[in-house]
Amino acid sequence: QVQLVESGGGSVQAGGSLRLSCAASGRIFSISAMGWYRQAPGKARELVATISRVGSANYADSVKGRFTISRDNVKNTVYLQMNSLKPEDTAVYYCKADQLGYTYWGQGTQVTVSS
């Protein structure tokens, strides 16, 4: 089993920044892709950004140029730097990690952006 713990969420005004972190622990052998997803009230969970083990990143169009995903393979941690936040970025943000064919999710962290 792999456990994922997110941190760094909170409330911020539009235009502000937040940095999310997600640390993996437990039976870690070789985590491949890691990523961030989000779910706003009444909406389906959607991809925000993913990053491969070697650092290849992929972003949703809605966050390109504002968000940056990175990871530290030694610390088994993935980060999401969020700049120029907008009210529509308000959601619960979930961390995801893939290992040996299994997918693991964190418990989520709330991000609220006020106008």
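About the cut-offs
- Counting from 1, residues in each chain are numbered in the order their sequence is written.
- Local features in this predicted model are restricted to residues whose pLDDT is 70 or higher, and side-chain atom pairs enter the listing and the counts only when it is 80 or higher, whereas totals over whole chains, interfaces and linings include all residues.
- The basis for every side-chain value is the complete set of non-hydrogen atoms in the structure, without hydrogens or water.
- Secondary structure is summarised from DSSP: a helix means a run of H or I of at least four residues, a strand means a run of E of at least two, and numbering begins at the N terminus for each.
- Working definition: with a 1.4 Å probe on protein chains only, accessible area under 20% of the residue-type maximum means buried, over 50% means exposed, and in between means partly exposed.
- Only Phe, Tyr and Trp rings are paired, with Trp represented by its six-membered ring, and only when their centres lie within 6.5 Å; those with planes under 30 degrees apart are stacked, over 60 edge-to-face, the remainder tilted.
- Lysine and arginine charges are scored as sitting over a ring when NZ or CZ, respectively, is within 6 Å of the ring centre and within 35 degrees of the ring normal.
- When a carboxyl oxygen of Asp or Glu is within 4 Å of a side-chain nitrogen of Lys or Arg, the pair counts as a salt bridge.
- Whether two strands pair comes down to DSSP finding at least two bridges between them.
- Working definition: a disulfide is two cysteine sulfur atoms within 2.5 Å of each other.
- As a rule, the C-alpha atoms of each element are fitted with a line to give its axis, helices using only the stretch in contact, and angles between N-to-C directions run from 0 to 180 degrees.

1. As for unusual backbone geometry
For residues besides glycine, phi is generally negative; the peptide bonds are generally trans as well. For N76, which is not a glycine, the phi torsion comes out positive at approximately 50°. With respect to the helices, strands and loops of the structure, N76 is situated in the loop between β7 (67–72) and β8 (77–82). Given the relative accessible area of 19%, N76 is considered buried. We note that L100 has phi near 50°; this positive angle belongs to a residue other than glycine. On the secondary structure map, L100 appears in the loop between β9 (91–99) and β10 (102–105).

2. Here we look at the packing of aromatic side chains
The full count for this structure, using the stated rule, is one aromatic pair. One residue, R19, lies across the ring of Y79, its end atom 4.2 Å from the ring centre. The ring of Y94 carries the charged tip of R45 above its face, separated from the ring centre by 3.7 Å.

3. So, the pattern of salt bridges
Evaluated as defined, the whole model comprises five salt bridges. Of the charged contacts in the structure, one is a salt bridge between R38 and D89, with a shortest N-O distance of 2.9 Å. Of this pair, R38 sits in strand β4 (residues 34–39) while D89 sits in the loop between β8 and β9, and the two are 51 residues apart along the sequence. Pair check on accessibility: R38 and D89 agree, each one buried. One salt bridge connects D61 with K64, and the closest N-O pair in it is separated by 3.1 Å. It is possible to trace a salt-bridge network through shared partners that takes in R38, E46, R66 and D89.

4. Details of the pairing of strand β3 (residues 18–26)
Pairing geometry for strand β1 (residues 2–7) and β3, over six bridges, is antiparallel. Note that in β3 the partner of V2 across the bridge is G26.

5. What about the state of the cysteines?
Under the counting rule described, the total for this entry stands at one disulfide. Note that C22 is cross-linked by a disulfide to C95, the S-S spacing being 2.1 Å. Between C22 and C95 the disulfide shows an S-S torsion of about -80°. By sign, it is left-handed. You can see C22 sitting in strand β3 and its partner C95 sitting in strand β9, a full 73 residues away along the chain. With respect to class, C22 is no different from C95; both count as buried.

6. Brief notes about the sheet that holds β7
Taken together, the four strands give an open sheet; going across it, the order is β1-β3-β8-β7, and neighbouring strands pair in antiparallel fashion. Two strands close off the open sheet at either side, each with one partner strand: β1 and β7. The mean inter-strand angle of the sheet, taken between neighbouring strand axes irrespective of direction, is 15°. The pairing of β7 with β8 spans six bridges and is antiparallel. Along β8, the bridge assignment pairs T68 with Q81.

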